[in-house]
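Residues per chain, in single letters:
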Amino acid sequence: MKHYTTSDIKNLDKLFRLNLINSCTGYKSANLLATKSKSGQTNVAVFNSVHHIGSNPAMLGFILRPTTAPRNTFENIKKTGFFTVNHIHKDMIEQAHQTAAKYENNISEFNQTGLEEEYLDGFFAPYVKQSSVKMGCRYLNEYHITENDTILVVAAIEHLYFEEGIQTPDGWLRLDDADTVAINGLDGYALPGLLDRFHYARPGQEIKSFFKKE
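Since this is a predicted model, take the numbers as computed values, not measurements.

Peer 1: Hey, could you go over the packing of aromatic side chains for me, with residue numbers and the actual values?
Peer 2: Enumeration over the complete set of coordinates arrives at six aromatic pairs. Judged by centre distance (5.4 Å) and plane angle (80°), the ring pair of Phe82 and Phe123 falls under edge-to-face. One end of the pair, Phe82, is in strand β6 (residues 82-87); the other, Phe123, is in the loop between β7 (117-118) and β8 (127-128), and 41 residues separate them in sequence. Members of the aromatic cluster, joined through ring pairs, are Phe82, Phe123, Tyr127 and Tyr161. Against the face of Phe210 rests Arg197, its NZ or CZ located 4.1 Å from the ring centre.

Peer 1: Could you give me a rundown of unusual backbone geometry, with the residues and numbers involved?
Peer 2: In this chain, Asn56 is followed by Pro57 through a cis amide linkage whose omega measures 5°. Residue placement: Pro57 occurs in the loop between β4 (51-55) and β5 (58-64). Non-glycine residue Asp121 carries a positive phi angle of around 55°. Within the secondary structure, Asp121 sits in the loop between β7 and β8. Using a relative accessible area of 63% as the deciding quantity, one classes Asp121 as exposed. Unlike most non-glycine residues, Asp179 shows phi in positive territory, near 60°. By the secondary structure assignment, Asp179 is in the loop between β10 (150-162) and β11 (182-184). Given a relative accessible area of 26%, Asp179 falls into the partly exposed group.

Peer 1: Any chance you could break down the nonpolar core for me, citing the residues and the numbers?
Peer 2: Ranked by size, the top nonpolar core spans 17 residues in total, and within it Leu60, Phe62, Phe83 and Val85 carry the most contacts. Elements with a contribution of two residues or more to this core: β3 (42-47), β5, α3 (71-80), β6, β9 (133-145) and β10. Among residues more than four places away in sequence, those in contact with Phe62 are Leu33, Phe47, Ser49, Val50, His51, Ile77, Phe83, Ile151, Leu152 and Val153. Listed in part, the twelve residues of the second largest apolar core include Leu32, Val128, Val181 and Ile183.

Peer 1: Any details on the environment of Asn86? Residues and values, ideally.
Peer 2: Turning to its location among the elements, Asn86 is positioned in strand β6. With 47 residues separating them in the primary sequence, Asn86 and Val133 have C-alpha atoms 6.0 Å apart. The residues touching Asn86, leaving out its near neighbours within four places in the chain, are Ala30, Asn31, Leu32, Ala34, Tyr127, Val128, Ser131, Val133 and Lys134. A distance of 2.9 Å separates a polar atom in the side chain of Asn86 from a polar atom in the side chain of Thr84. In terms of polar contacts, Asn86 uses its side chain to reach the backbone amide nitrogen of Val128, at 3.0 Å.

The rules behind each value
Within every chain, residues take consecutive numbers counted from 1 along the sequence as written. The predicted nature of this model means local features are confined to residues of pLDDT at least 70 and side-chain atom pairs, given and counted, to a pLDDT of 80 or more, with totals for whole chains, interfaces and linings taken over all residues. Side-chain measures were taken over the full set of non-hydrogen atoms in the model, leaving aside hydrogen atoms and water. Pairing of aromatic rings covers Phe, Tyr and Trp, the last through its six-membered ring, and needs centres within 6.5 Å; plane angles under 30 degrees mean stacked, over 60 mean edge-to-face, and all others mean tilted. Labels follow the DSSP assignment, with helices taken as runs of H or I lasting at least four residues and strands as runs of E lasting at least two, numbered in each case from the N terminus. Over a ring means this: the NZ of a Lys or the CZ of an Arg is within 6 Å of the ring centre and within 35 degrees of the ring normal. Three exposure classes are used, based on accessible area relative to the maximum for each residue type with a 1.4 Å probe and protein chains only: buried under 20%, partly exposed in between, and exposed over 50%. We define a nonpolar core as any set of buried Ala, Val, Leu, Ile, Met, Phe, Trp, Tyr and Cys residues linked to one another through side-chain atoms lying within 4.5 Å. Here, two residues are considered to be in contact whenever any of their heavy atoms come within 4.5 Å of each other. We define a polar contact as two N or O atoms separated by no more than 3.5 Å, with the added condition that, inside protein, one atom must be a possible hydrogen donor and the other a possible acceptor, whereas residues neighbouring each other in sequence contribute only through side-chain atom pairs.

Structural measurements only, silent on function.
Structural data, given as structure tokens:
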């Protein structure tokens, strides 16, 4: 088995190290964050760091470096308080990846990639029309991570939309039915296939599957 120590990792070529460490922690969520400035300029960018924070109240978070490509996204969020999170599905991975390009501030990634803006229920920020699962979010707080100068942004989920047919009776969303993709590292897009789903685990009790018959 290949082995890297802290010293080995530190001395790696920058790009090699970036690819290695971004992929070794496993698959990440694949989302497009869309915003609009106060002047009406829209922005959409791919993020692989969106994650669950809590369900009551419903909150999510994401990590960013404010001095790099997501700067427009962060500025719009701070000034307006709103953004959307939109799942990337298998038929839009090329357009989604292109949003990572460093366009000028006055150029909307929507116009450059073929992704379409969609406004729902009077929410300020645009959604991505092609996405099967999308959330309207409101900025709550930010936390500076001093160890690497990144920022954890925490937001409330105020609106949730998804395609009919992917929700089970207990509320769970079967994301493989929505063709939601995951990101391997920074630039690899994968289509996960569900293996099984299990009931709540308790000590001393046999694991039970939702799908397999006893």
